[in-house]
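Observations on the three-dimensional arrangement
What follows is each chain in one-letter form.
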Amino acid sequence: MMTVESERDGPANDQEPGRGGAPEVVRIEHLSRVFGHGSGAVTALDDVSFSIRRGEIFGLLGPNGAGKSTLIRILTTLLAPTSGTARVGGFDLSREPERIRSVIGVCPQASTLDLELSAWDNLAFYGHLVGYPEKGLNDRIRELLASAGLEDRARSRVSTFSGGMRRRLEIVRAFIHRPQVIFLDEPTIGLDPEARHEVWEQIERLNAEETTVVLTTHYMDEAEHLCDRIAFIDGGRLIALDSVRNLRGLVPSGDVIEVGVEEVPEEMLERLRAHPRVEAVERRDRTLAIRAADGARLVPALLQVLDEAGLRVVSLSIRSPSLEDLFIYLTGKGLGARTGPPARGAKTGRRP
Amino acid sequence: MIRGTVAIFSRDFKKFLSNPFVLLMTLIMPIAYLVVFGNAMGGAITGVPIGLVQEDPYLEETPLFLALSEALAHRAEPGRAETFQVRVFTSEASARRALARGELAAVVVVPSEVSNTHAVRLYLDSSEFATPALVEGGVRGLLVVPGTRAPLEVYRLYGEVNYFQFFGVGVIVMAIFMSTMMGGVLSLIRDWELGIIEGYLVTPVKRSSIVLGTVGSGTIKGFLSGAVIYTVVLGITGLPVPGPGTTLVVLLVLFMISAGLTSLVFFIAGRLKNQQSFAAVNGFLNLLLFMTSGAFYPTLGMPDWLRAFTVVNPEYYAVHALRALILRGQGLEAIAVDLTAIGLFACACIVLGITTFRRTLE
């Protein structure tokens, strides 16, 4: 396992003074969760340990079914772990769940807004539940609606809202009591690009108010854009954890040349791999991902090889390795969704 | 067309099979109807408590008194238990007090002198259904046997109460139960089903707040629907409108029954996670509670095992209290036991509801 445990004075924190020594707001120790019994048992989380620092935006990244939501549900007191412990905001998960609930904000993956109520009523309901001071509540709701860009829809039923509006409302709702930590489970799933960017901006604004943000996502670009540090989760296990910059450093250097082709015969792969300057070749659907140092200068030679084999090239791009390349490098498989939102395959089902 | 039909059919059928609880309930319901409904309705009424007393001044027991006490105590339909359970009183006043308290269904007053002009008087609790006619028929028949010519004078304590009025009072209780099925607890089940609950289980809101808030809103909904049906029942059955004092007590009873029934439904069905199961459980509860409440038919007509259930049935106390207030015009003292029972019941259900409510998923 290539876990890089929180290196407090590592290079990742050089450019972020003050965060290097930030205290932990979440500490997870050997957390496991098994659903079901006997032969039907499914291990959703398998001995996961790590810490989240105060003030950071922390990403839990992994494919669908990796165990991200289970981890969030355990940390937000909805599920009990099968074994292991965790502290959130300094409180023990099994002994002081009530204390934890008062210092966290949660935006679950499936919408939990009451569609029959107005935006205002939804926020007021939560304001009362979290014990927000009665006196300032109305001002707080106005402030949150403005921050979600919904002030003119305050009295409309949420059922009339678009997906992006609902998401923004749900995120500010989780933030109503200015929690220490806010958990966002797939905050941009199913949103169009514009709505995603609005949600991203919103998350960054909220983070600027000294709230630690823990978000899960299976979109690489989202994690790269937002997160200070990222934990890769796959099959219920922690695969890697570090700052985005350090994680990138784990991938062998060089560029990724992506060649779109109509078909890829097996022998073609062999021939490419045999090329002296090619470091690795992977096939992803109808795309060849070729890793090499100084990719731009290799392209003419590559095209020649492909041309000789009679393969038609339909597209070509050269880029620096992304987190997805890293994920593939670490686990040997893709995330299923490179950049969101995908038209299909979005996770909508809820597990218990 | 065929493929679509088969697809729709098999999807629905799969869902049906995948919820064994609802499957079981759909099978149990008709059987429960047969057993509960069949036994609760139209059974032979036995063991009717009646008082027997000889008119003052009490000199000595007349032959008629002795004969009647013997005959009443042993009267029975073929193959059944004794129809009456005779309590002998030594003073007419105390016998009639017991009747007014609802301990007796009737009092037979035998004259101290037997003759054509000295009538046997029969005081009937006319707020019940079937038993007054049964008692009257029984006494009339037995008077012929000893060969006396004493006439029978019948006094109906609460006037002529027809079945419509008798049943109407029970329907008020049913209205309250119905609204507990629709409101209060159901909205919590819907929150589970829609996953909305996951949103507020992560807030610091207390488990007791969730239970009390849900039961509270259900209680108010039940109370309102009970009050509406009460007004409607008064209107269409032609019952006299009680005075403001009695009306207030009726409203108090309606409120307490609403609280009792809503908390019972919460305790039993509040942990269910889907509306189908909730509806199945409620249908069953409604059958059991309403049929054994005495709303339809006197509980004396039920077999012992079913009648034993009435002791823990809040609707039994509710129906009894409402009849006392509405049909018999009695006051608080007549329903003190009912109110205590319903109150204890509601408290127990709320406490159980709070302690058994799980604040986590699973």
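A word on the packing of helix α6 (residues 163-182) of chain B against helix α11 (residues 275-291) of chain B. Helix-helix packing: each pair is described by the crossing angle between the helix axes and the interaxial distance. Residues and elements named next belong to chain B. Running from N to C, α6 and α11 point in directions that differ by 160°, and their axes come no closer than 11 Å. With respect to each other, α6 and α11 are oriented roughly antiparallel. The chirality of how α6 crosses α11 is right-handed. Where α6 abuts α11, its residues Phe167, Gly170, Met174, Phe177, Met178, Thr180 and Met181 lie against Phe278, Asn282, Gly283, Leu285, Asn286, Leu289 and Phe290. When its residues are assigned to classes, the contact of α6 with α11 shows 9 nonpolar, 5 polar and no charged.

A few words now on the sheet that holds strand β13 (residues 287-292) of chain A. Where strands meet in a sheet, backbone hydrogen bonds hold them as pairs that are either parallel or antiparallel. Residues and elements named next belong to chain A. With respect to topology, 4 strands assemble into an open sheet ordered β12-β13-β11-β14, the strand pairing being antiparallel. The strands lining the two open edges of the sheet, one partner per strand, are β12 (280-284) and β14 (313-319). The mean angle between the axes of side-by-side strands here comes to 20°, regardless of whether they run parallel or antiparallel. Bridge analysis of strand β11 (residues 255-261) against β14 gives 6 bridges, and the strand direction is antiparallel. Counted as the bridge partner of Glu258 is Ser317 from β14. Helix α10 (residues 295-308) rests against β11, β13 and β14 of the sheet, and its axis sits at about 160° to β14.

What follows concerns the nonpolar core. A:Phe50, A:Phe183, B:Leu322 and B:Ile326 are the most contacted members of the largest nonpolar core, which has 131 residues in total. Looking at this core, the element that brings in the most residues is helix α10 (residues 244-269) of chain B, giving 11 residues. When sequence neighbours within four positions are dropped, the list of residues in contact with B:Ile326 reads B:Val169, B:Ile172, B:Tyr230, B:Leu234, B:Leu239 and B:Val250. A:Cys107, A:Ala195, A:Val213 and A:Ala223 belong to the second-largest nonpolar core, a separate cluster that totals 31 residues.

Residues and elements named next belong to chain B. Scanning the entire structure with this criterion turns up 28 salt bridges over all chains. Here Glu136 and Arg156 are joined by a salt bridge, their closest N and O atoms 3.2 Å apart. In this pair, Glu136 sits in helix α5 (residues 131-144) while Arg156 sits in strand β5 (residues 152-156), placing the two residues 20 residues apart along the sequence. A salt bridge links Glu160 to Arg156, with the nearest nitrogen and oxygen atoms 3.1 Å apart. By relative accessible area, Glu160 is classed as exposed at 65%.

Residue and element names in this part refer to chain B. Where α6 meets helix α9 (residues 207-237), the axes come as close as 8 Å, and the angle between the chain directions of the two elements is 160°. With respect to each other, α6 and α9 are oriented roughly antiparallel. The chirality of how α6 crosses α9 is right-handed. Contacts between α6 and α9 pair Phe164, Gln165, Gly168, Val169, Val171, Ile172, Ala175, Ile176 and Ser179 from the former with Lys221, Gly222, Ser225, Gly226, Ile229, Tyr230, Val233, Ile236 and Thr237 from the latter. Residues that form the contact of α6 with α9 fall into these classes: 10 nonpolar, 7 polar and 1 charged.

All names here are of chain A. Read from one edge to the other, the open sheet built from 6 strands follows the order β6-β7-β8-β3-β9-β10, with strand pairing classed as mixed. Among the strands making up the open sheet, the edge pair consists of β6 (104-107) and β10 (237-243). Neighbouring strand axes in the sheet, compared pairwise and without regard to direction, differ in orientation by 15° on average. Bridge count between strand β9 (residues 229-234) and β10: 6 bridges; the pairing is antiparallel.

Residue and element names in this part refer to chain A. Here Ser51 lies in strand β2 (residues 42-53). Owing to a relative accessible area of 7%, Ser51 belongs among the buried residues under this scheme. A distance of 3.5 Å separates a polar atom in the side chain of Ser51 from a polar atom in the side chain of Arg27. Not counting chain neighbours up to four residues away, the residues in contact with Ser51 comprise Glu24, Val26, Arg27, Phe58 and Arg229.

So, on to the domain arrangement of chain B. All names here are of chain B. Assigned domains of chain B: these are domain 1 (48-156) and domain 2 (163-356). Measuring from the centre of the C-alpha atoms in domain 1 to the corresponding centre in domain 2 gives 37 Å. On the side of domain 2, 10 residues touch domain 1, which itself brings 9 residues to the contact. Counting each side, the surface lost to burial between domain 1 and domain 2 is near 750 Å², with a carbon and sulfur contribution of 67%. When the area that domain 1 buries against domain 2 is broken down by residue, the three leading residues are Ser127, Glu128 and Phe129, summing to 63%. The tally of links between domain 1 and domain 2 comes to 0 salt bridges. One can count 2 residue pairs in polar contact (both at pLDDT 80 or more) joining domain 1 with domain 2.

Residues and elements named next belong to chain A. Here Asp92 lies in strand β5 (residues 91-92). We classify Asp92 as buried; its relative accessible area is 6%. If near-sequence neighbours (up to four positions away) are discounted, Asp92 is found in contact with Ala86, Arg87, Pro97 and Ile100.

Analysis parameters
- Residues numbered from 1 in each chain as written.
- Chains lettered and ligands numbered in written order.
- Predicted model: local features only at pLDDT ≥ 70, side-chain atom pairs only at ≥ 80, totals over all residues.
- Heavy atoms only, no water.
- Axes fitted to C-alpha atoms, helices over the stretch in contact; angles between N-to-C directions.
- Helix = DSSP H or I, 4+ residues; strand = E, 2+ residues; numbered from the N terminus.
- Parallel < 35°, antiparallel > 145°, perpendicular 65-115°, else oblique.
- Left-handed = near helix turned anticlockwise from the far one by under 90°.
- Contact = heavy atoms within 4.5 Å.
- Nonpolar A, V, L, I, M, F, W, Y, C, P; charged D, E, K, R; others polar.
- Pairing = 2+ DSSP bridges.
- Core = buried A, V, L, I, M, F, W, Y, C linked by side-chain atoms within 4.5 Å.
- Buried < 20%, exposed > 50% of the residue type's maximum accessible area, 1.4 Å probe, protein only.
- Salt bridge = Lys/Arg side-chain N within 4 Å of Asp/Glu carboxyl O.
- Polar contact = N/O pair within 3.5 Å; in protein donor to acceptor, adjacent residues only side chain to side chain.
- Domains from an automatic or database assignment.
- Buried area = accessible area lost by both parts, 1.4 Å probe.

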